[in-house]
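# Examining the three-dimensional arrangement
Listed below are the residues making up each chain.
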Amino acid sequence: MSTNLCLTVNESWRPLGVDNSSGLTNTPGDYPLLYQVISVIIGVVIFLVGMLGNILVIVVVCRTKCMLTPTNCYLLSLSVADCLVLLSATLPSIPEPFFHTGEWPWGQVTCSLLVFLQYLGVQASSLSITMFTIERYIAVCHPMKAQRMCTVQRAKRIIIAIWIFTTLYCAPWLGLTAVVPNPRTGVSQCVHRLERGKYLAYYLTDLIAFYIVPLLVSGVLYVLIARILFINTIPRSKSQEQQCAKDRCRIKTSTSSSRKQVIPFNIKLPFSNTGNK
């Protein structure tokens, strides 16, 4: 149902209960009781844990000023996107086992809105993770540039741009779905409004722009981050270790000597003032 809205429709209004290869009709029926119980429990647990965790992230970041960093701004955006997916996909799927297979009892508006929110949450989540990775790469590999590039104001502007872009990109889904009755069973179903082949360009764009490209970018940047961290933690040779030990000893001795010189001065100063009096 809700979790399969984008995948459970056929080309030209063909009923979901029809076997395309044999022409046989699978009459929708109730799910087994054991399946209903297990499915509902898993759905409720996933929804409650997911919503609670993401809401806590949002509340903590928004209410704690010291937590308002560029990294946490992207995590905040990611939490909002996750909440959208949980509300539009997980929540409607909880009562699904109590309906007939493929049944959509929530009406046309909910069908279009939930499909739109599902795509919006997934796309915004993908871009938020990508920008989070880029921000981490700059902070680790270019710390001097990070002082002026990785700022909270810049992160806020990028997040606003991400949500505006994904909202406009996913807006067509508000008109690309419809609720129609299955002519063989009479069950209302949320289906694509057009033939499935006409969505090919849309699906390919989704695959490339929000899956393949972010995956490649994140993979390359994490390899570069790992390379920098590995180079900075390579074990030194024995001579280098000895030199570093001497430097630390010299710094410690110098600091101790400075303290010995400062303490007597602080002690004698009051007596000298008294003598002058």
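Look up: the structure comes first, before these words.
Owing to the predicted nature of the structure, the values given are computational and were not obtained by experimental measurement.

Before going further, it helps to examine the overall build of the protein chain. Scanning the protein chain for helices and strands turns up 7 helices and 2 strands. For the protein chain, the succession of helices and strands along the chain, N to C, is α-α-α-α-α-β-β-α-α. Across the 277 residues of the protein chain, 33% fall into the buried class. Long-range contacts, defined here as pairs at least 24 residues apart, represent 77% of the contacts in the protein chain between residues at least 6 apart. Summing over all exposed atoms, the protein chain offers an accessible surface of approximately 17,300 Å²; the carbon and sulfur share of this is 68%.

Our focus in this paragraph is the environment of Phe 47. Along the chain, Phe 47 falls in helix H1 (residues 33-63). For the pair formed by Phe 47 and Ile 94, sequence separation is 47 residues and the distance between their alpha carbons is 9.1 Å. For Phe 47, the residues in contact, after removing those within four places along its chain, are Leu 86, Leu 87, Thr 90, Leu 91 and Ile 94.

Now for the state of the cysteines. Going through the model one piece at a time under the given rule, you end up with 1 disulfide. Note on cysteine connectivity: Cys 111 is disulfide-linked to Cys 190, with sulfurs 1.7 Å apart. Here Cys 111 and Cys 190 share a disulfide; its torsion about the S-S bond, 65°, makes the bridge right-handed. In this pair, Cys 111 sits in helix H3 (residues 108-141) while Cys 190 sits in strand E2 (residues 188-192), placing the two residues 79 residues apart along the sequence. Its relative accessible area of 0% is what places Cys 111 among the buried residues. Residue classification places Cys 190 among the buried residues on the basis of a relative accessible area of 4%. Unpaired in terms of disulfides, Cys 62 finds its nearest cysteine sulfur in Cys 73, a separation of 8.9 Å. Cys 62 gets classed as exposed once you look at its relative accessible area, which sits at 54%.

The side chains of a regular strand alternate, first on one face of the sheet and then on the other. Counting buried residues in E2 gives 4 out of 5 residues, a clear majority hidden from the surface. Pairing geometry for strand E1 (residues 177-181) and E2, over 5 bridges, is antiparallel. Across the sheet, Val 180 pairs through a bridge with Gln 189, a residue of E2. Connecting E1 to the next strand, E2, in antiparallel fashion are 6 residues, including Gly 186 with a positive phi near 80°.

Criteria and cut-off values
- Residues numbered from 1 in each chain as written.
- Predicted model: local features only at pLDDT ≥ 70, side-chain atom pairs only at ≥ 80, totals over all residues.
- Heavy atoms only, no water.
- Helix = DSSP H or I, 4+ residues; strand = E, 2+ residues; numbered from the N terminus.
- Buried < 20%, exposed > 50% of the residue type's maximum accessible area, 1.4 Å probe, protein only.
- Contact = heavy atoms within 4.5 Å.
- Areas by Shrake-Rupley, 256 points an atom, 1.4 Å probe, with all protein chains shown as cover.
- Disulfide = S-S within 2.5 Å.
- Pairing = 2+ DSSP bridges.

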